[in-house]
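A look at the structure
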Protein chains: 2
Amino acid sequence: MKIAILGMGNIGGGVADVILGNKSAIASACGEEIEIKYVLDLREFPGHPLEDKIVHDISVIVSDPEVGLVAELMGGSHPAREFTLACLNAKKHVVSSNKEVVSLFGDEFTAAAAENGVHYLFEASVGGGIPLIRPITDCLSSEEIIGIDGIVNGTTNYILTKIEGGTDFDSALSEAQRLGYAERDPSADVDAADAQRKITILSALASGKLAPPELVRAETVRTVTPKALSLAAKCGGTVKLIAHASFEGGKADLFAAPSFVPFSSPLAHVSGVYNGVLLRCSLSGELMFYGSGAGKYPTSGSVMSDIIAAVSGKARRCRRFTRASEDDVLPFGEHVCRHFITAPKSSWEALGERVAPEVLVSDGDTVGAILPPCRHGDAVSLVGTDEQISVYRII
Amino acid sequence: MKIAILGMGNIGGGVADVILGNKSAIASACGEEIEIKYVLDLREFPGHPLEDKIVHDISVIVSDPEVGLVAELMGGSHPAREFTLACLNAKKHVVSSNKEVVSLFGDEFTAAAAENGVHYLFEASVGGGIPLIRPITDCLSSEEIIGIDGIVNGTTNYILTKIEGGTDFDSALSEAQRLGYAERDPSADVDAADAQRKITILSALASGKLAPPELVRAETVRTVTPKALSLAAKCGGTVKLIAHASFEGGKADLFAAPSFVPFSSPLAHVSGVYNGVLLRCSLSGELMFYGSGAGKYPTSGSVMSDIIAAVSGKARRCRRFTRASEDDVLPFGEHVCRHFITAPKSSWEALGERVAPEVLVSDGDTVGAILPPCRHGDAVSLVGTDEQISVYRII
């Protein structure tokens with residue numbers, strides 16, 4: 001099959017390398033040879049083996065009936081949305097590593113794919129190199145997914161692992177930037193937009209409903225301190241940026257926020273840039289998928305697995321997403337659970353009379369406490385708006 | 001499609017429950033309805049909804065052209081081997097949860113399946129409810145699996161978790177038996193035959209070569225003591241029954257033996273009856289799959305995923321296994337790695353002059369040490385045959 005690659009960045013280059021370097025293994029897995037006919041990019045690539053495949057106009061690809069599959073590896077919402085729809089409507093399979101466009105427009109794409117009898121696949125959009133979306137769609141199709149808790153952003157997990165070791169946020173971020181784990185503008189990672197997009201995608205796979213970003217609470221990790229992590233450890237856990245979805249009473253509880261993770265959870269031991277996604281399933285119980293959440297070759301491996309699935313005819317059709325409305329989602333403050341809070345001793349003394357903590361620990365002038373189950377909104381109003389007080393949900 | 005179930009034990013009963021209880025969801029996943037036409041069992045099941053489907057003669061199933069798929073959930077080598085071959089040769093798909101027969105005769109079955117144009121699938125044979133074999137065959141088909149380290153036996157992992165907490169082996173085993181995690185005769189679990197079978201299967205998926213049991217070293221966990229685990233903790237790790245396969249220099253290194261696992265490995269945090277399998281892959285790097293390694297419904301979920309894959313036409317053909325010979329496997333003693341040893345102080349004093357440990361700790365009258373890399377055989381001859389000395393490979 002002849003294919004086109006949209007975007008010759010890090011992932012696009014990795015996929016090209018893998019296809020050019022493993023022709024016979026890929027042909028054997030696909031049942032036919034894969035040939036890159038076009039690469040869409042604004043730049044030229046003089047000297048690259050695909051130099052003469054570069055085009056700058058999507059219509060060359062859309063209008064070529066020889067192209068059976070398009071790998072959208074551009075990132076961003078536009079023109080990725082328009083290019084994806086044009087390719088699906090031209091009856092080409094589309095595979096994508098672009099979590100932004102999948103999380104915003106996955107409903108349009110899954111509908112267009114179904115109407116045109118082609119596949120829209122996006123294994124690489126969540127969890128980088130971890131086989132995650134195909135196990136959900138293929139292996140767990142006879143069971144219900146009741147809940148998802150994921151560490152899906154390697155940058156923040158690296159930063160939180162450093163903070164756990166005693167480094168403050170700013171120094172941890174600088175080190176992550178120096179190592180290439182964080183971008184110069186780190187806000188999509190540290191303010192949790194990236195994790196928010198990924199949990200939107202996983203939640204849609206589980207429930208069929210794609211939630212717009214305003215219905216998925218995202219909280220920054222900038223406020224997490226070494227002190228909070230040492231208090232968490234004394235309470236038997238740690239703080240991770242958790243992307244959460246659960247489905248009870250017909251409503252989805254969705255968020256991406258720093259949360260307390262007990263050491264008894266395998267997620268507590270997902271360190272550094274690694275990702276881990278824990279699923280609670282109706283038959284299989286707890287499952288966790290762990291691995292590299294980013295990186296050129298891990299992500300390229302996931303893109304290749306989609307290409308092979310689509311070309312070999314062994315892909316399952318992704319379920320068609322509908323758009324979630326406000327009625328489908330539980331407001332963040334309504335969820336009832338236990339909370340971990342940290343507060344200066346002085347503030348705690350005023351609070352202490354109103355709460356009966358299950359666990360109370362201290363470290364110098366700061367206390368950490370585990371509160372019994374209550375609505376998140378009530379926990380927050382209880383402690384008030386003091387900036388020095390933090391409230392974390394316990395997963 | 002009409003199917004037959006061989007063996008109405010724990011797993012057979014679970015699969016029957018799931019099929020009878022989720023008809024429309026399964027039909028939608030398969031693209032057609034699944035009907036249980038026969039259940040082969042020696043017993044009758046008066047009052048069971050499948051009472052009138054019970055047969056006692058495999059030839060009824062083999063000779064019925066309406067039966068498209070057979071689920072072999074009997075366990076044991078014989079007659080499972082003969083029944084499986086008869087069904088494959090009658091051009092019926094076979095799915096199996098029976099690690100014993102897959103590990104011994106998987107080469108015959110994958111050959112018969114290929115010759116007859118049907119599927120032989122065995123997701124439930126390793127890792128119970130964890131999607132593991134399909135992710136390997138489907139998602140990782142564009143990459144090479146370089147190594148596998150698995151905690152694949154929940155019974156021994158439960159026992160070792162208890163020993164880590166200070167309980168001795170005999171008491172931990174009794175408790176596992178009381179809770180139904182261990183059988184009355186626990187030897188297949190605790191002497192590692194079960195883990196040996198499972199690593200044989202995973203190794204064959206990675207390399208195409210199925211090793212006979214005499215080429216896969218199996219070591220008991222009966223000799224692991226609370227003292228050894230407390231010394232391991234002081235050295236920064238724990239001891240787990242690790243099923244290992246790696247492929248370097250054209251030879252497979254294969255074993256199922258208690259091994260030292262550093263706390264930095266996610267496998268160190270797989271506790272109780274849970275299983276975890278860590279893969280090292282050429283593109284994706286380290287991946288771990290974690291979940292319930294046994295149990296009626298988790299295992300039934302894996303059997304269902306094979307049934308759905310085969311019936312929907314979305315299964316990939318399992319690679320054809322050939323039988324490994326002695327030349328394909330590295331002798332256990334030849335492997336070079338670091339070792340963790342425990343010894344009485346008195347024996348250590350004699351040894352200490354001959355080794356230069358990287359780490360040396362003690363607990364009462366016992367020492368624990370980490371030795372620099374050497375051949376396993378050399379490590380064992382170094383410490384001699386004193387029963388009170390234990391030598392563990394470090395993964």
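Further up the page is the structure itself.
Residue positions are given per chain, counting from 1 as you read along its sequence in written order. Lettering of chains starts at A and numbering of ligands starts at 1, both following the order in which they are written. Under the rules for a predicted model, residues below a pLDDT of 70 receive no local features and side-chain atom pairs below 80 are neither given nor counted, while totals for whole chains, interfaces and linings still include all residues. Excluding hydrogens and water, the side-chain values take into account all heavy atoms of the structure.

**Some remarks on the packing of aromatic side chains**
Note on aromatic pairs: the rings of Phe, Tyr and Trp (six-membered ring only in Trp) are paired at centre separations within 6.5 Å, and the planes decide the class, stacked below 30 degrees, edge-to-face beyond 60, tilted for the rest. For the structure shown, the criterion picks out 19 aromatic pairs over all chains. Ring geometry for Tyr158 of chain A and Tyr181 of chain A: centres 5.0 Å apart, planes at 65°, overall edge-to-face. Remark: Tyr181 of chain A occurs in the loop between α8 (169–178) and α9 (187–190) and Tyr158 of chain A occurs in helix α7 (residues 154–164); sequence separation between them is 23 residues. Each residue's exposure class comes from its accessible area (1.4 Å probe, protein chains only) as a fraction of the maximum for that residue type: buried when under 20%, exposed when over 50%, partly exposed otherwise. Judged by its relative accessible area of 10%, Tyr158 of chain A is buried. A ring pair is formed by Phe340 of chain B and Tyr392 of chain B, whose centres lie 5.9 Å apart and whose planes are at 25°; its orientation type is stacked. Placement of Phe340 of chain B in strand β15 (residues 336–344) and of Tyr392 of chain B in strand β18 (residues 390–393) is noted, with a sequence separation of 52 residues between them. You'll find Phe340 of chain B and Tyr392 of chain B in the same group, each marked buried. By the ring-pair criterion, three or more aromatic residues cluster together here, those being Phe105, Phe109, Tyr120, Phe122 and Phe321 of chain A. Note that Arg81 of chain A overlies the ring of Phe105 of chain A, its terminal NZ or CZ placed 4.1 Å from the centroid. Numbering of helices and strands runs from the N terminus, with a helix taken as a DSSP run of H or I at least four residues long and a strand as a DSSP run of E at least two residues long. Note on criteria: charge over ring means Lys NZ or Arg CZ within 6 Å of the ring centre, with the direction from the centre no more than 35 degrees off the ring normal.

**A closer look at the pattern of salt bridges**
Residues and elements named next belong to chain A. We define a salt bridge as a side-chain nitrogen of Lys or Arg found within 4 Å of a carboxyl oxygen belonging to Asp or Glu. What the rule picks out here adds up to 46 salt bridges over all chains. Linking Lys2 and Glu35 is a salt bridge whose minimum nitrogen-to-oxygen distance equals 3.4 Å. Residue Lys2 is located in strand β1 (residues 2–6), and its partner Glu35 is located in strand β2 (residues 35–40); the two are separated by 33 residues in the primary sequence. Residue classification places Lys2 among the partly exposed residues on the basis of a relative accessible area of 25%. Looking at Glu35, the relative accessible area reads 33%, which means it is partly exposed. Here Asp64 ties to Lys37 by a salt bridge, and the two come within 2.7 Å at their closest N and O atoms. Of this pair, Asp64 sits in the loop between α3 (58–62) and β4 (67–72) while Lys37 sits in strand β2, and the two are 27 residues apart along the sequence. Taken together, the shared-partner salt bridges in this structure form one network comprising Lys37, Asp64 and Glu66.

**Thoughts on the sheet that holds strand β4 (residues 67–72) of chain B**
All names here are of chain B. Strand pairing is defined by DSSP finding a minimum of two bridges between the two strands. Spatial ordering of the open sheet is given by β3-β2-β1-β4-β5-β6, a layout of six strands whose pairing is parallel. The outermost strands of the open sheet, each flanked by one partner alone, are β3 (54–55) and β6 (120–121). Two strands pair when backbone bridges link them, and β4 and strand β5 (residues 93–96) are joined in this way by four bridges, in the parallel orientation. Each bridged residue has a counterpart across the sheet, and for Ala71 the counterpart in β5 is Val95. Contacts from helix α12 (residues 296–312) reach β1 (2–6), β4, β5 and β6 within the one sheet, and its direction differs from that of β5 by about 165°. The criterion used for residue contact is that any of the two residues' heavy atoms lie within 4.5 Å. Fitting a line to C-alpha atoms yields each axis, with helices limited to the stretch in contact; the angle taken between N-to-C directions then spans 0 to 180 degrees.

**Quick look at the sheet that holds strand β17 (residues 366–375) of chain B**
Residues and elements named next belong to chain B. The four strands are arranged β16-β17-β15-β18 in an open sheet whose pairing can be described as antiparallel. Strands with a single pairing partner mark the edges of an open sheet, and in this sheet they are β16 (359–363) and β18. For this sheet the average axis-to-axis angle between neighbouring strands, irrespective of direction, equals 25°. Contacts from helix α11 (residues 226–234) reach β15, β16, β17 and β18, with the element oriented near 135° to β16.

**Topic: empty space enclosed by the protein**
Taking a probe equal in size to a water molecule and rolling it over the atoms shows the remaining empty space. Residues and elements named next belong to chain B. In this analysis, the protein atoms alone were mapped onto a 1 Å grid. Cavities are point sets where a 1.4 Å probe fits without being able to get out; pockets are open sets with protein on both sides within 12 Å along at least five of seven lines; lining residues have an atom within 4 Å of a point. Grid points are joined across faces, edges and corners, and a volume is the space filled by probe spheres set on the points. Applying the stated criterion across every chain, the model contains ten cavities of 30 Å³ or more. Around the largest cavity, the lining comprises 14 residues; the ones closest to its centre are Leu121, Ile133, Arg134, Thr137 and Arg316. Elements represented by at least two residues in the lining of the largest cavity include exactly β6 and α6 (133–139). The element that contributes the greatest number of residues to the lining of the largest cavity is α6, accounting for four residues.

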